[in-house]
Amino acid sequence: MSFQVGDELAAKTFLINRAKLVAYANASGDQNPIHQDEDFAKSVGLENVIAHGMFTMALAGRYVSELAGGSEKVREFSARFTKPVVVPAGIDVELILSAKVSAVEGNQIKVDLIAICDEVKVLGMAKATFLA
Amino acid sequence: MLNPDVVGRTYKGANSFTVSQESITNFALAIGEPNTSVAPPTFSISISLTESQALLQESGLDWTRVVHGDQRFEIYRPLVAGDSIICSSTIESARVMAGNEIVTVRSDLHSGNELLISSWSTLVVRA
């Protein structure tokens, strides 16, 4: 696939729910209870359980891997965690990822990513570079 | 409050450890990634955050008040099963903004002399 500056790449929706947060906690080792235990999350002033920022970023990474045609082509990836993804029990929360090509430098493709949840951007300054 | 003397200090893991196929597969499954032949781009966080958590706790940071502010990866070569990794972590900066302490930790993952991944985690310690 060839990429040109300004290309808007197909958006993709990912679903986040409590079971996925538990699986991510186990796979990543981040067992902070704010990502699993509703009572605990509320006790520290959160609205409800929130997703690990790194889980949201990992899903964005999966999206970038798909754009690139494989995880092995991803070279740079960065994001700021601007808003929490709130995950109430029994609900699939939709995370919508989209990307726009910001630069093409030799065989390196740079994209700006947008991650939206409940109509709010949950990642800021999200960028990735992958090999064409 | 973090001891300012720790800025610039590097902790090199004493032991190398081997990346297992099981850990890559579990991480890939958890994020719905079908390809398990290489580690997904953010996989190394499971290594680097564990390493830097230990460093930061030794440095006097209250981990219970930490929020992840931002994250960056530079991947020179993705991790694969069987890689023998040593992780070194450095506190690159620590500053106070609006009463919150903001700490940036860099983690370098080497296999032998080859640098595979550098990553930067900015952590915000809520006042």
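See the structure above.
These figures come from a predicted structure and were not determined experimentally.

Caption draft 1: Fine view of the interface of chain A and chain B. Facing the 22 residues of chain A at the interface are 24 residues of chain B. Taken together, the two surfaces of chain A and chain B that pack against each other cover about 2000 Å², and 61% of this comes from carbon and sulfur. Looking only at chain A, the three residues that lose the most surface to chain B are Met54, Arg62 and Arg75 of chain A, adding up to 24% of its buried area. For the pair chain A and chain B, the interface holds zero salt bridges. Inspection of the region where chain A meets chain B yields six residue pairs in polar contact (both at pLDDT 80 or more). Residue assignment for the side of chain A that touches chain B shows that the elements contributing at least two residues are helix H1 (18–28), helix H3 (53–68) and strand E2 (74–81) of chain A.

Caption draft 2: Looking closely at the nonpolar core. Counting 59 residues, the largest nonpolar core has Ile16, Val111 and Leu113 of chain A together with Leu79 of chain B as the members making the most contacts within it. Of all the elements, H3 of chain A adds the most residues to this core, at ten residues. The residues contacting Ile16 of chain A, other than those within four sequence positions of it, are Leu21, Ala51, Phe55, Leu59, Val85, Val87, Ile91, Asp92, Val93 and Leu95 of chain A. With ten residues, the next largest nonpolar core counts Leu56, Leu61, Val66 and Ile91 of chain B among its residues.

What counts and what doesn't
Residues numbered from 1 in each chain as written. Chains lettered and ligands numbered in written order. Predicted model: local features only at pLDDT ≥ 70, side-chain atom pairs only at ≥ 80, totals over all residues. Heavy atoms only, no water. Contact = heavy atoms within 4.5 Å. Buried area = accessible area lost by both parts, 1.4 Å probe. Salt bridge = Lys/Arg side-chain N within 4 Å of Asp/Glu carboxyl O. Polar contact = N/O pair within 3.5 Å; in protein donor to acceptor, adjacent residues only side chain to side chain. Helix = DSSP H or I, 4+ residues; strand = E, 2+ residues; numbered from the N terminus. Core = buried A, V, L, I, M, F, W, Y, C linked by side-chain atoms within 4.5 Å. Buried < 20%, exposed > 50% of the residue type's maximum accessible area, 1.4 Å probe, protein only.

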